[in-house]
Amino acid sequence: MIRPLHFVLATAVAALTSACHGDDMDMDMDGMGHDGMMIPEVLTIPASEGPFEPAAAPDLDSMPNVVEVDLEAKVSEIEIAPERWVSMWTYNGQLPGPRIEASVGDTVRVRFKNSLPEATTIHWHGVRVPAAMDGATVVQSPIEPGAEFSYEFVVPDAGTFWYHPHVRSDEQVERGLYGAFVVRGEGEPATTTDRTVVLDDLLLDSTWQLSEFDTMQAMVGRQGNLILANGWAHPIAHVARGGLHRFRFINAANARYFRLALPGHRLIQIGTDGGLLPAPREVDDLLLVPGERADVLVIAAGTADEAMDWKSLRYDRGHGTGDRPDAVVFQMTNGSDEPIAMPTIPDAFAPIAELPVAVAGRELKLEESMSMSSGGHGAHGSSTSDMGPVFSINGQVYPDATPLEAELDAIEEWSIVNTTEMDHPFHLHGFRFQVVSIDGAATSLVAWRDTINIPAEKTVRFRVHLEDHPGTWMFHCHILEHAERGMMGELEVAGP
Ligand code: C2O
Ligand code: CU
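Here the structure is a predicted model, which is why all the values come from computation and not from measurement. (Residues numbered from 1 in each chain as written. Chains lettered and ligands numbered in written order. Predicted model: local features only at pLDDT ≥ 70, side-chain atom pairs only at ≥ 80, totals over all residues. Heavy atoms only, no water.)

Considering the coordination of the copper ion (ligand 2)
Of the protein atoms, only His 424 (ND1), Cys 477 (SG) and His 482 (ND1) coordinate the copper ion (ligand 2), at distances of 2.0 to 2.1 Å. In primary-sequence terms, the residues that donate to the copper ion (ligand 2) follow H-x52-C-x4-H. Judged by its relative accessible area of 0%, His 482 is buried. (Donors = N, O, S within 2.8 Å, 3.2 Å for Na, K, Ca; no water. Buried < 20%, exposed > 50% of the residue type's maximum accessible area, 1.4 Å probe, protein only.)

Below you can see the structure in the form of structure tokens.
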């Protein structure tokens, strides 16, 4: 790997210094959006060979339908760009944590040890697990430093899922605690490659360590100045020219919206949060909000050895976030051989039955305000007390919120009303839903989701079948600073 790193990185550090840690005047001028929110500039880093997609976690159980994985959360030094090491919180010393791979119907057992300096849990985002295995603190006491816990559940659905803590998630996820969870089922399309890309951004200070966590970041969520794909800044994905390549994208960032595009290429979306769509759909770009996943096929067109950058296009989610230009995410580089024969793209996958008209409806209003004292208590102690933004749902700031009550097996229609001037990505645990309308317009795409963007000042309606799993389930904004400052609630699904 020979490249003029010193020059480039010195330039990058200079940019970082002025964007984040110059004197106050510089910071105000450079780091603020038009209404005064902190939206840092993204560093431009040359593409380099990182471990684009590391091996999956080894399966420690020899039984064919059991996947057993050891995970240990611990502090580790992680290389995120050539010779740039950052102190992170990791699973097994890796960023992202080891990818867990299973097939539909498998029993997955994760023997977890907490070697962090604070308590944590693991939430299996999007996997329909029994409530006791969900990792939310309403169903599980946090696992203390030095303690262990075994998670065990059957995986019912194919799709691209992920895992992360559900304790002080704004800080724990930003520090690096996240990993991919891929479940394969029948009817997967044949592709040349099938790779997982976990997207993140870090907010680094001028010494290339995580910058301090501060309340000022909470309003728009902590948006970073360095974009990572699979834990590396601007990595290279080598592809066979002419091939059909599947990328399973996971947005693990606290707050950044990735609007993915590969200039010169059309993207063929085949899956959402909850597995394959009924049919592939072509798009020019794809918005992926925090917590959300998408499966995309791309044909590696272009010339031999051509290097093409996947980008995250400008997107305005409110409060000046649209002022930042397009940013580079990772590079895709063609091989030098003649184009290979491409597998055919199926016209259709298994149909998804539309959920029938709901028996019950609810309305959830997402709200924000400023406070002189901490709205939530407990979760953050003194670090977020005093002045700062407070987020609520139907006037209640979690954990001071009355749980919603529901009957097992009900089909409900939820209206999520965003009363604020910025978008919020809404996530429901334990169940998958079908969006029926956005801002009053019916959606034609039938898909399973567990995370959906609620655009600023708009309403999204979805239907959900509260099947199989009684218990208490969380719902919240997946901008983790918002969730941890009150935009969260509980749904109690009563058993039979
Ligand atoms: Cu991915 Cu409750 O979160
Ligand atoms: Cu939010």
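From this point, things continue past the structure.
Some words on the environment of Arg 128
Position of Arg 128 relative to the elements: it lies in the loop between strand S5 (123-125) and strand S6 (148-154). Here the alpha-carbon distance between Arg 128 and Val 154, two residues 26 residues apart in the chain, equals 8.7 Å. A polar side-chain atom of Arg 128 sits 2.7 Å from a polar atom in the side chain of Asp 157. Of the polar contacts made by the side chain of Arg 128, one reaches the side chain of Glu 467; its length is 3.2 Å. (Helix = DSSP H or I, 4+ residues; strand = E, 2+ residues; numbered from the N terminus. Polar contact = N/O pair within 3.5 Å; in protein donor to acceptor, adjacent residues only side chain to side chain.)

Description of the sheet that holds strand S21 (residues 388-393)
The strand order S21-S20-S23-S28-S25-S26 describes an open sheet built from six strands, whose pairing is mixed. The open sheet is flanked by S21 and strand S26 (441-442), the only strands paired with a single partner. (Pairing = 2+ DSSP bridges.)

Concerning empty space enclosed by the protein
Under the definition given, this model contains two cavities of 30 Å³ or more. Empty space within the largest cavity amounts to approximately 90 Å³. What lines the largest cavity is simply Glu 53, Pro 54, Ala 55, Gln 94, Pro 96, Gly 97, Pro 98, Arg 99, Ala 180, Thr 196, Val 198 and Asn 230. Every element with two or more residues in the lining of the largest cavity is listed here: strand S3 (97-103) and strand S9 (193-202). Its residues placed into classes, the lining of the largest cavity shows six nonpolar, four polar and two charged. Of the pockets and cavities examined, the second largest cavity occupies roughly 50 Å³. What lines the second largest cavity is simply Gly 126, Arg 128, Asp 157, Phe 161, Asp 273, Gly 274, Phe 431, Arg 432 and Asp 450. In terms of residue class, the lining of the second largest cavity is made up of two nonpolar, two polar and five charged. (1 Å grid on protein atoms, 1.4 Å probe; cavity = no way out; pocket = protein on both sides within 12 Å on 5 of 7 lines; lining within 4 Å. Points joined across faces, edges and corners; volume = space filled by probe spheres on them. Nonpolar A, V, L, I, M, F, W, Y, C, P; charged D, E, K, R; others polar.)

Some remarks on the pattern of salt bridges
Within the structure shown, the criterion is met by 33 salt bridges. For Arg 266, the salt bridge goes to Glu 282, with nearest N and O atoms at 2.9 Å. On the criterion of sequence distance, the pair formed by Arg 266 in the loop between strand S13 (258-261) and strand S14 (267-272) and Glu 282 in strand S15 (residues 275-283) is long-range, its members being 16 residues apart. Across the pair Glu 363 and Lys 365 runs a salt bridge whose closest N-O atoms are separated by 3.1 Å. (Salt bridge = Lys/Arg side-chain N within 4 Å of Asp/Glu carboxyl O.)

A closer look at the environment of Leu 466
Within the secondary structure, Leu 466 sits in the loop between strand S28 (459-465) and strand S29 (471-477). Classification of Leu 466 as buried rests on a relative accessible area of 0%. Residue contacts for Leu 466: discarding those within four places in its chain leaves Ala 406, Glu 407, Leu 408, Asp 409, Ala 410, Glu 412, Phe 431, Leu 491 and Val 493. (Contact = heavy atoms within 4.5 Å.)

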